[in-house]
Amino acid sequence: MQKRPCIEKKKRIVVKIGSSSLTHEETGNIYFAKIEKLVRELCDLRNSGIDVCLVSSGAIAVGRQAIGLTNKPSSNSQKQACAAVGQARLMMTYQKVFAEYNQTVAQVLMTKNTMILPNSRQNAHNTFEELFAMGVIPIVNENDTVSTYEMQFGDNDTLSALVATLVNADLLVLLSDINGMYTDDPRENEYARLIEYVPELNDDVMQMGKDSTGSGVGTGGMHTKLNAAMIATRSGADMIITNSNDLNCLHHLFDNEYTGTLFAKNEQTDFLLEDFLKD
Ligand code: GLU
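Residues numbered from 1 in each chain as written. Predicted model: local features only at pLDDT ≥ 70, side-chain atom pairs only at ≥ 80, totals over all residues. Heavy atoms only, no water.

Looking at an unreviewed UniProt entry, one finds the protein named Glutamate 5-kinase, with Eubacterium oxidoreducens as its source organism. The UniProt entry for the protein carries the following text under Pathway (unreviewed entry): "Amino-acid biosynthesis; L-proline biosynthesis; L-glutamate 5-semialdehyde from L-glutamate: step 1/2." Database annotation for the protein, UniProt heading Subcellular location (unreviewed entry): "Cytoplasm". (UniProt positions renumbered as here; feature names shortened; annotations may be inferred.)

Structure (structure tokens):
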């Protein structure tokens, strides 16, 4: 296995956090301490001169809790109603905590159409550029309340990679409930080893993705993370998967002192974002 190199300091970072990292596993309630740590780390990155964008899941999980639903919502309309309640509550929490560090944030809700339709894509791009120029941290989620099945990204791993491409980020960080990519599923195989560095995303690596998620909330598994890696690295961004249990790792991305997997950027001249948006 190749040794993981140290990455240079980046100019623009997209950080994605999943629902399972934002809620307590036992109760599904919102995990305030986690959110506070995340916000402090993001503000520090911003204060060091890096443009920061957060892609946050959690709308459905937080909404479900607020409404008092014991089971995971099953129908699309139930999920959409939960998202409508939860997204507002999630943003209220983020805004409050970011304000403690004098950081202004913005809400950006997207559907697949935002990326597919050239006009919408250009508008979204312009908005992000303005927000970065103003020093604001955009907080992005899928617009779950209105996005119908055929217009869904479906998971925020993919969404975050597309956002990284849209804003020309040079690093995407996926904060997950797992340390990184393993040689096998570590929940099933005790001999599975963490892969620290993936210099090239070839078919063998893609085969290693398992189409599952370990948690009861969220939709991403290793499969969606590898798809995200494919999109991000081909559009010229490095990508890191690391564990959201240790948010301090965001302080150590540039000194190589973090536990996780680094996927090296691999700009491809024939990369067409449209290919990832077809179905
Ligand atoms: N957009 C969904 C939410 O905020 C999450 C999708 C995902 O888990 O990747 O609840």
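Participant: Quick question: what am I supposed to make of the sheet that holds strand 5 (residues 171-176) here?
Facilitator: Ordered in space as 3-4-2-1-5-9-10-8, the eight strands form an open sheet in which the pairing is mixed. At either end of the open sheet lies a strand with only one pairing partner, and these are strand 3 (105-110) and strand 8 (197-198). Both strand 9 (residues 238-243) and strand 10 (residues 260-263) contribute to a ladder of four bridges, which runs antiparallel. Across the sheet, threonine 242 pairs through a bridge with glycine 260, a residue of strand 10. Of the strands in this sheet, strand 1 (12-17), strand 2 (51-56), strand 4 (137-142) and strand 5 touch helix 2 (residues 32-47), which is tilted by about 155 degrees from strand 2. (Pairing = 2+ DSSP bridges. Helix = DSSP H or I, 4+ residues; strand = E, 2+ residues; numbered from the N terminus. Contact = heavy atoms within 4.5 Å. Axes fitted to C-alpha atoms, helices over the stretch in contact; angles between N-to-C directions.)

Participant: I would appreciate a short explanation of the environment of methionine 239 in the present structure.
Facilitator: Here methionine 239 lies in strand 9. Remark: the alpha-carbon pair of methionine 239 and threonine 261, spanning 22 residues in sequence, is separated by 8.1 Å.

Participant: Quick question: what am I supposed to make of the pattern of salt bridges here?
Facilitator: When charged atoms on two side chains of opposite charge get close, those side chains can pair. The final tally for this structure, using the stated rule, is ten salt bridges. A salt bridge links glutamate 196 to arginine 4; its shortest N-O distance comes to 3.8 Å. With glutamate 196 in the loop between strand 7 (194-195) and strand 8 and arginine 4 in the segment before strand 1, this pair connects stretches of sequence that are 192 residues apart. Notably, a salt bridge pairs glutamate 129 with arginine 12, separated by 2.8 Å at the nearest N-O pair. A residue pair is termed long-range when its members are at least 10 positions apart, and glutamate 129 in helix 6 (residues 118-133) and arginine 12 in strand 1 qualify at 117 residues. Assessed through its relative accessible area of 28%, glutamate 129 is described here as partly exposed. Overlapping salt bridges, with partners in common, bring together Glu8, Lys10, Asp238 and Lys265 in one network. (Salt bridge = Lys/Arg side-chain N within 4 Å of Asp/Glu carboxyl O. Buried < 20%, exposed > 50% of the residue type's maximum accessible area, 1.4 Å probe, protein only.)

Participant: Just to check I follow, could you spell out the UniProt feature "binding site: substrate" (unreviewed entry) in the protein for this structure?
Facilitator: Residues annotated by UniProt as "binding site: substrate" (unreviewed entry) correspond here to Ser57, Asp144 and Asn156. For this annotated set, covering 100 residues, all C-alpha atoms fall within 11.0 Å of each other, a compact arrangement in space. In this fold, aspartate 144 is placed in the loop between strand 4 and helix 7 (156-166). Taking relative accessible area as the criterion, aspartate 144 reaches 18% and is therefore assigned buried. Apart from the residues within four sequence positions on either side, aspartate 144 is in contact with Ala59, Ile60, Gln80 and Ala83. Relative to the elements of secondary structure, asparagine 156 occurs in helix 7. For asparagine 156, the residues in contact, after removing those within four places along its chain, are Lys16, Val55, Ser56, Ser57, Asn141 and Glu142. A distance of 3.0 Å separates the side chain of asparagine 156 from the side chain of asparagine 141, its partner in a polar contact. (Polar contact = N/O pair within 3.5 Å; in protein donor to acceptor, adjacent residues only side chain to side chain.)

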